[in-house]
Amino acid sequence: MTAYVTLIRAVNVSGTGKLPKEDLKALGEACGFEHARTFINSGNLLFTSDLAEATVQKRMADKLADFFGKPAAVFVRSAREMAEAVAKNPFGDDKPSRVMAHFIDEKPAQKMIDEARDVAGERMALGPRLIYVSYGDGIGKTKLKLPAVKQGTARNMNSVAKIAELLAGME
């Protein structure tokens, strides 16, 4: 059994739509995931499954498309991957609430950071299927444009650490 989290893009903030925690949990259970639970009301479903990551992603994407009536981006990470995201955070000197892990589907490459525009003090680094961004003065003031993460989803390092901790307890 593998402990996973699905990170759904733009839930309850903008874009994708409203998805109450109870409905997200029910969707996970309908996918056949075990021990389904949510973490904060922003599209994070933690669960265990014997299914491969690609199957987990497809099942959840299909259920969400039915729920919303349109596709929703879903990113899947194992407990090991979330622990690795925490351990490899290169910006431990910044407040965790100001460091975002931008989850993407592909392995990041330096050119993704090189394509960033309107950089004004933000620091960026590649991670395991994610790009870290330290927003220094806070994300609310940034003008940073990072095309590589446009179709991804982000969580601050406080959330990433808590999800990793919860997943570790599920394995």
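The structure we're discussing is the one just above.
For clarity, every value in this text was computed on a predicted model and none was experimentally measured. In this convention, every chain numbers its residues from 1, walking through the sequence in written order. The predicted origin of the model limits local features to residues at a pLDDT of at least 70 and limits the giving and counting of side-chain atom pairs to 80 or more, whereas totals for whole chains, interfaces and linings rest on all residues. Excluding hydrogens and water, the side-chain figures rest on all heavy atoms present in the structure.

Engineer: I'm lost on the packing of helix α3 (residues 79–87) against helix α5 (residues 157–168) in this one. Help?
Structural biologist: A packed helix pair is summarised by two numbers, namely the angle formed by the two axes and the spacing between the axes. Here α3 crosses α5 at 140°, and the two axes come no closer than 9 Å. On the basis of the axis angle, α3 is oblique to α5. The two elements α3 and α5 meet at a crossing, and its hand is left-handed. Residues Ala79, Met82, Ala83, Ala85 and Val86 of α3 touch α5, and the partners they reach there are Met157, Val160, Ala161, Ile163, Ala164, Leu167 and Ala168. For the contact of α3 with α5, the per-class residue count stands at 12 nonpolar, no polar and no charged. Orientation is described by axes fitted as lines to C-alpha atoms, over the contacting stretch for helices, and by angles from 0 to 180 degrees between their N-to-C directions. Secondary structure follows DSSP: runs of H or I at least 4 residues long count as helices, runs of E at least 2 residues long count as strands, and numbering of each begins at the N terminus. An angle below 35 degrees is treated as roughly parallel, one above 145 as roughly antiparallel, one from 65 to 115 as roughly perpendicular, and anything else as oblique. The sense of a crossing depends on the near helix, which, turned anticlockwise from the far helix by less than a right angle, makes the crossing left-handed and, turned clockwise, makes it right-handed. Here a residue-residue contact requires only that any non-hydrogen atoms of the pair lie within 4.5 Å. Classification used: nonpolar for Ala, Val, Leu, Ile, Met, Phe, Trp, Tyr, Cys and Pro, charged for Asp, Glu, Lys and Arg, polar for all others including Gly.

Engineer: Please clarify how unusual backbone geometry should be interpreted in this entry.
Structural biologist: Keep in mind that most residues, glycine aside, have a negative phi and that most peptide bonds are trans. Positive phi, normally seen in glycine, also occurs at Ile40, with a value near 45°. Looking at where Ile40 falls in the secondary structure, it is placed in the loop between β2 (34–38) and β3 (44–49). Any residue under 20% of the maximum accessible area for its type is buried, any over 50% is exposed, and the rest in between are partly exposed; the area is computed with a 1.4 Å probe on protein chains only. According to the relative accessible area criterion, Ile40 is partly exposed, its value standing at 41%. The backbone of Arg129 sits at a positive phi, close to 55°, despite the residue not being glycine. In this structure, Arg129 sits in the loop between β6 (123–127) and β7 (130–134).

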